[in-house]
Amino acid sequence: MSKILVTGSKGQMGSELNELASLYQYDFFFTDRDSLDITNEQSIRNYIEIHNIDVIINCAAYTLVDKAESQELISDTINHKAIESLAQISKEKNIKLIHISTDYVFDGKHYKPYIELDATSPNSVYGSTKLSGEKVLQDINPQNSIIIRTSWVYSSFGVNFVKTMLRLGNERDSLGIICDQVGSPTYARDLAKTILDILPNIQKKNVEIYHYTNEGVLSWYDFAKEIMKMAKKDCKINPIETKDYPTIASRPHYSLLNKSKIKQEFNIEIPFWKDSLDECLKVLGEKK
């Protein structure tokens, strides 16, 4: 039975893995920053040795995109330096490592879905530190390790776009939502299930990158409209442009990820975004 260390267990991905854990024949160890400091290499090493860990699913990340612009050191420590430690230990101890990354490694100026080999060019501190984490993992190159880039993650856990829209839908009559940023949302439970399903089949000599989101193409405006429609919120959604809603950090205007590689290599099917949203709203009690 594989002994799986899940870091960042209180975040969206970690929480979803925790929800699914009982359905799989693995021995899970869920940790957060209070129980395991992944920025301290010796702490990681001690934990792994004590519990005889042979798989790490790294869900820990500094994801406050705007705040990262003024907190570059903290962002880099968690998104880059900690990955260096995880990669080094994984290589030494022959541990399988699954690391979650982001569409923010791209500049969003593409015109077709990004494949894993497309040139990266982040335009934010968050994106840059996540890319640094990817690169150091590839440089150290522990066997049986993969990077999964995803985007627009939401869940019944934590703070995310879906839950924010549901709250604002109860508080306001109308909302202006950005219509010129295009991508695909990802229900964290779908990705968590995929990771646990493909885990036995990850046999790689070099670190491999995969893309995963739900199927479909939409804007944040489209997403918000569907949330209100499904949850029957009487809140009008109005389209606005990015320039009308300035943020500290720049967001990719186009971050659609091509998922052919992960689908073909692991023979998986990915749910359509509306179906996954429907499932999440049921979990949240917003839909029957």
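All values derive from a computational prediction rather than experimental measurement.

Analysis parameters
Residues numbered from 1 in each chain as written. Predicted model: local features only at pLDDT ≥ 70, side-chain atom pairs only at ≥ 80, totals over all residues. Heavy atoms only, no water. Pairing = 2+ DSSP bridges. Helix = DSSP H or I, 4+ residues; strand = E, 2+ residues; numbered from the N terminus. Axes fitted to C-alpha atoms, helices over the stretch in contact; angles between N-to-C directions. Contact = heavy atoms within 4.5 Å. Parallel < 35°, antiparallel > 145°, perpendicular 65-115°, else oblique. Left-handed = near helix turned anticlockwise from the far one by under 90°. Nonpolar A, V, L, I, M, F, W, Y, C, P; charged D, E, K, R; others polar. Buried < 20%, exposed > 50% of the residue type's maximum accessible area, 1.4 Å probe, protein only. Right-handed = clockwise from strand over helix to strand, strands pointing away.

A. A look at the sheet that holds strand S10 (residues 208-211). Spatial strand order, S2-S1-S3-S4-S5-S10: six strands in an open sheet with parallel pairing. Among the strands making up the open sheet, the edge pair consists of strand S2 (27-30) and S10. Taking the axes of each pair of neighbouring strands and ignoring which way they run, one obtains an average angle of 20° across the sheet. Pairing between strand S3 (residues 55-58) and strand S4 (residues 96-102): four bridges, direction parallel. Residue Ile-57 lies in a different strand from S4, and its bridge partner there is Ile-98. Where helix H1 (residues 12-20) meets the sheet, it contacts strand S1 (3-7), S2 and S3, and its direction lies at approximately 145° from that of S2.

B. Spotlight on the packing of helix H7 (residues 220-231) against helix H9 (residues 273-283). Running from N to C, H7 and H9 cross one another at 45°; their axes reach a closest spacing of 11 Å. One finds that H7 runs oblique with respect to H9. The interaxial crossing formed by H7 with H9 has right-handed handedness. Of H9, the residues touching H7 (which contributes Asp-222, Phe-223, Glu-226, Ile-227, Met-230 and Ala-231) are Trp-273, Lys-274, Leu-277, Asp-278 and Leu-281. For the contact of H7 with H9, the class distribution of residues is seven nonpolar, no polar and four charged.

C. The pairing of S3, seen in detail. Side chains Val-55 and Ile-57 of S3 all project onto a buried face; the interleaved residues Ile-56 and Asn-58 project onto the opposite face, where all are buried too. Here S1 pairs with S3 via four bridges, running parallel. Pairing of Val-6 across the sheet is with Ile-57, part of S3. Running through helix H3 (residues 72-93), the crossover from S3 to the neighbouring parallel element S4 is right-handed.

D. Highlighting the packing of helix H5 (residues 161-171) against H7. At a minimum axis separation of 10 Å, H5 and H7 run at an interaxial angle of 60°. Between H5 and H7, the angle falls in the class oblique. For the element pair H5 and H7, the recorded crossing hand is right-handed. Between H5, through Phe-161, Val-162, Met-165, Leu-166 and Gly-169, and H7, the contact on the second element is made entirely by Trp-220, Phe-223, Ala-224, Ile-227, Met-228 and Ala-231.

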